[in-house]
Amino acid sequence: DAGVIQSPRHEVTEMGQEVTLRCKPISGHDYLFWYRQTMMRGLELLIYFNNNVPIDDSGMPEDRFSAKMPNASFSTLKIQPSEPRDSAVYFCASRGGQAYNEQFFGPGTRLTVL
Amino acid sequence: AQKVTQAQTEISVVEKEDVTLDCVYETRDTTYYLFWYKQPPSGELVFLIRRNSFDEQNEISGRYSWNFQKSTSSFNFTITASQVVDSAVYFCALKSLIQGAQKLVFGQGTRLTINP
């Protein structure tokens with residue numbers, strides 16, 4: 001079975017540009033999570049969806065960040081405009097079945113904003 | 001509030017040594033789950049184990065073993081006869097089914113380096 005797929009794996013952009021990160025969860029999983037990993041703050045949950053509906057976006061840093069899940073097999077995280085402090089590794093994870101089940105993580109997107 | 005503390009920021013040992021990674025958690029809930037993830041140099045997060053709060057049996061999987069003690073709120077991870085391939089950052093995480101049911105709270109991670 002394919003795991004969680006993220007694209008691109010690396011993104012380098014200039015400050016002020018729009019950045020879109022993409023995620024395909026594991027088929028059949030009904031929860032999708034977006035995380036950000038930085039040296040200073042570690043792993044932070046940004047937002048999660050259940051059955052394509054955003055449930056908790058309290059971790060989204062500010063209005064420049066938005067996330068969508070138009071269908072069960074695709075989600076995007078968009079930053080507009082991007083800033084150097086957004087540089088981080090962004091992970092997508094998905095989970096199915098019981099609430100106590102583990103989340104499966106994608107390979108991450110390393111974002112560098114110059 | 002829920003919190004996970006991994007006090008060891010970095011550990012470095014020589015191959016074949018045993019090493020224990022500490023994890024201490026805080027939660028007011030009686031039902032919760034603890035996890036360990038491995039992040040190798042390639043960057044992905046790999047699930048290792050899940051343990052629920054009602055099961056204090058220790059678990060062994062090959063060279064890996066986990067010691068869960070509710071009395072001390074700890075969920076420690078031991079690698080026996082370490083190998084260079086064990087070099088990674090290891091994260092302990094907590095999920096409460098009551099507070100923020102879907103949220104995984106991660107510790108800051110322990111960077112483990114196994115030297116040949």
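For the structure, check the block above.
Quick summary incoming for the structure in this document. Since this is a predicted model, take the numbers as computed values, not measurements. (Residues numbered from 1 in each chain as written. Chains lettered and ligands numbered in written order. Predicted model: local features only at pLDDT ≥ 70, side-chain atom pairs only at ≥ 80, totals over all residues. Heavy atoms only, no water.)

### So, the pattern of salt bridges
Filter applied, for reference: By definition here, a salt bridge exists when the distance from a side-chain nitrogen of Lys or Arg to a carboxyl oxygen of Asp or Glu is within 4 Å. Relative accessible area decides the class of each residue, using a 1.4 Å probe on protein chains only: under 20% of the type maximum gives buried, over 50% gives exposed, and in between gives partly exposed.
Per the counting criterion, the structure on display carries 13 salt bridges over all chains. As a salt-bridge pair, R51 of chain B and D55 of chain B come within 3.2 Å of each other at their nearest N and O atoms. For R51 of chain B, a relative accessible area of 7% puts it in the buried group. Shared partners join several salt bridges into a network, and the residues in it are E62, R64, E83, R85 and D86 of chain A.

### Regarding the pairing of strand β4 (residues 31–38) of chain A
Residues and elements named next belong to chain A. The line we're drawing: Helix numbering and strand numbering both begin at the N terminus, where a helix is a DSSP run of H or I of at least 4 residues and a strand a DSSP run of E of at least 2. At least two bridges found by DSSP between two strands is the condition for calling them paired.
Within β4, eight of the eight residues are buried, which leaves it mostly tucked inside the rest of the structure. The alternating pattern of β4 places Y31, F33, Y35 and Q37 and L32, W34, R36 and T38 on opposite faces, both of which are buried. Of the pairings in the sheet, the one linking β4 to strand β5 (residues 42–50) comprises eight bridges and is antiparallel in character. Residue pairing for β5: R36 is matched across the bridge by E44. Between β4 and β5, which pair antiparallel in sequence order, lie three residues. As judged from the seven bridges shared by β4 and strand β9 (residues 88–95), these two strands associate in the antiparallel manner. Bridging from a neighbouring strand, F33 pairs with A93 of β9.

### A look at the interface of chain A and chain B
Our working definition: Should any heavy atoms of two residues lie within 4.5 Å, those residues are considered in contact. Summed over both partners, buried area is the accessible surface (1.4 Å probe) that two parts give up on being assembled. Polar contacts, as used here, are pairs of N or O atoms within 3.5 Å; protein pairs need one atom able to donate a hydrogen and one able to accept it. Residues neighboring in sequence count only if both atoms are side-chain atoms. The residue classification treats Ala, Val, Leu, Ile, Met, Phe, Trp, Tyr, Cys and Pro as nonpolar and Asp, Glu, Lys and Arg as charged. All others, Gly included, are polar.
Each partner contributes to the interface: chain A provides 23 residues, whereas chain B provides 18 residues. When chain A packs against chain B, the two sides together hide about 1700 Å² of surface, and 55% of this comes from carbon and sulfur. When the area that chain A buries against chain B is broken down by residue, the three leading residues are L43, Y100 and E102 of chain A, summing to 32%. At the surface where chain A touches chain B, the tally comes to two salt bridges. Between D56 of chain A and K103 of chain B there is a salt bridge, with its nearest N and O atoms 3.0 Å apart. At the junction of chain A and chain B, the tally comes to seven residue pairs in polar contact (both at pLDDT 80 or more). Its residues assigned to classes, the side of chain A that touches chain B shows twelve nonpolar, six polar and five charged.

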